[in-house]
Amino acid sequence: MVEHHVHDHRFILILIGDSGVGKTNLLLQFSRNQFNLESKPNNCVEIDVVNINVDDKIIRAQILDAPGEERYRELVGTYYRCTIGALIVYDITRKVTFENVERWLKELRDRRDQNIVIMLVGNKADQINLRSVQREDALSFSERVNINLFMETSALDKSSVNNAFTKLLAHIYKHVV
Ligand code: GDP
């Protein structure tokens, strides 16, 4: 099939974070309006493409969904050099996934210069009764470590999902291009 280059910009993003935090479902919601209750962990880097409009320009986002398990860290790391933006995802109901954000951040920054735009995403925000990471703590952490953007999302009820991806892409368009 012939590829039609109708977009104005092409940005590659990567979703990283511990296994089970909801990376695959965030992408599934954003690209196809779907949610999967029984999604299995990835064993390779998967990709989906979404076109969005920012300031009358068409941005083609190629979004990589990386496996979160420890044994794939090396594989995932090799993709960092071709990405312009990263979403580091944790699960607001599992504190350990938030504590591990620092490690994901370090691995990303060890391989990339400061040019990469990073959004911290606290997913599963629908599970308010099980919350174990406070919004304010995540926000102050983001500021302390110079993460550009922070959002809480729910891939289940879809809240803030489109907003998160769109905000990140708009930020890249405005500040990096
Ligand atoms: P990944 O390993 O980070 O890609 O996580 P998945 O997208 O595979 O999700 C792991 C599990 O969490 C699955 O059972 C999903 O159905 C569930 N899940 C993902 N996002 C949400 C969410 O926003 N809210 C709730 N309640 N469950 C979610």
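Residues numbered from 1 in each chain as written. Predicted model: local features only at pLDDT ≥ 70, side-chain atom pairs only at ≥ 80, totals over all residues.

Counting secondary structure elements, the protein contains six helices and six strands. For a compact globule of 177 residues, the expected C-alpha radius of gyration is about 16 Å, and the protein comes in at 15 Å, within 12% of that figure. For the protein, the C-alpha atoms occupy an extent of roughly 45 × 35 × 35 Å along the three principal directions. Intrachain contacts of the protein at a sequence separation of at least 6 include 72% that bridge at least 24 residues. (Helix = DSSP H or I, 4+ residues; strand = E, 2+ residues; numbered from the N terminus. Rg over C-alpha atoms; globule rule 2.2 N^0.38 Å. Contact = placed C-beta atoms within 7 Å.)

On average, the protein scores 94 in pLDDT, and the residues at 70 or more come to 97%. Per the prediction output, this complex has pTM 0.95; the corresponding ipTM is 0.99. (pLDDT = per-residue confidence, 0-100.)

So, about the sheet that holds strand 1 (residues 9-16). Ordered by their spatial adjacency, six strands build an open sheet running 2-3-1-4-5-6, and the pairing between neighbours is mixed. Strands at the two margins of the open sheet, each flanked by one partner only, are strand 2 (46-54) and strand 6 (149-152). Across the sheet, the mean angle from the axis of one strand to that of its neighbour is 25°, orientation sign disregarded. Bridge count for strand 2 against strand 3 (residues 57-65) is nine bridges, and the pairing is antiparallel. (Pairing = 2+ DSSP bridges. Axes fitted to C-alpha atoms, helices over the stretch in contact; angles between N-to-C directions.)

Turning to the site of the ligand, a few remarks are in order. Neighbouring residues of the ligand: 19 residues in total, closest Gly22, Thr24, Asn25, Ser39 and Leu156. The element best represented in the shell around the ligand is helix 1 (residues 23-32), accounting for three residues. Grouping the constituent residues of the shell around the ligand by class yields five nonpolar, 11 polar and three charged. (Near = placed C-beta within 6 Å. Nonpolar A, V, L, I, M, F, W, Y, C, P; charged D, E, K, R; others polar.)

Moving on, we come to helix 6 (residues 161-175). The terminal C-alpha atoms of helix 6 lie 21 Å apart, and with 15 residues this matches the ideal 21 Å at 1.5 Å per residue to within 8%. Within the span of helix 6, buried status applies to Val161, Ala164, Phe165, Leu168, Leu169 and Ile172. Down the axis of helix 6, the smallest arc covering the buried residues is 120°, so these residues share one side. Exposed residues on helix 6 whose side chains face more than 90 degrees from its buried face are Asn163, Lys174 and His175. (Expected span 1.5 Å × (residues − 1). Buried ≥ 20, exposed ≤ 12 C-beta atoms within 10 Å, placed from the backbone. Arc of directions from axis to C-beta.)

Before going further, it helps to examine the packing of helix 1 against helix 6. For any two helices packed against each other, the geometry comes down to the angle between their axes and how far apart the axes lie. Between helix 1 and helix 6, the shortest axis-to-axis distance is 9 Å and the interhelical angle comes to 85°. Between helix 1 and helix 6, the angle falls in the class roughly perpendicular. For the pair helix 1 and helix 6, contact is made by Leu26, Gln29 and Phe30 and by Val161, Asn162 and Phe165, respectively. Grouping the constituent residues of the contact of helix 1 with helix 6 by class yields four nonpolar, two polar and no charged. (Parallel < 35°, antiparallel > 145°, perpendicular 65-115°, else oblique.)

Once that is clear, we can look at the pairing of strand 6. Alignment of strand 5 (residues 117-123) against strand 6, held across four bridges, turns out to be parallel. Its bridge partner lying in strand 6, Met119 is registered against Leu149.

Turning our attention to unusual backbone geometry. In this structure, Lys158 takes a positive phi of about 75° despite not being glycine. With respect to the helices and strands, the residue Lys158 is situated in the loop between strand 6 and helix 6. Of note, Ser160 is a non-glycine position whose phi angle comes to about 65°, a positive value. Its place among the elements puts Ser160 in the loop between strand 6 and helix 6. With 19 C-beta atoms packed within 10 Å, Ser160 lands in the partly exposed category.

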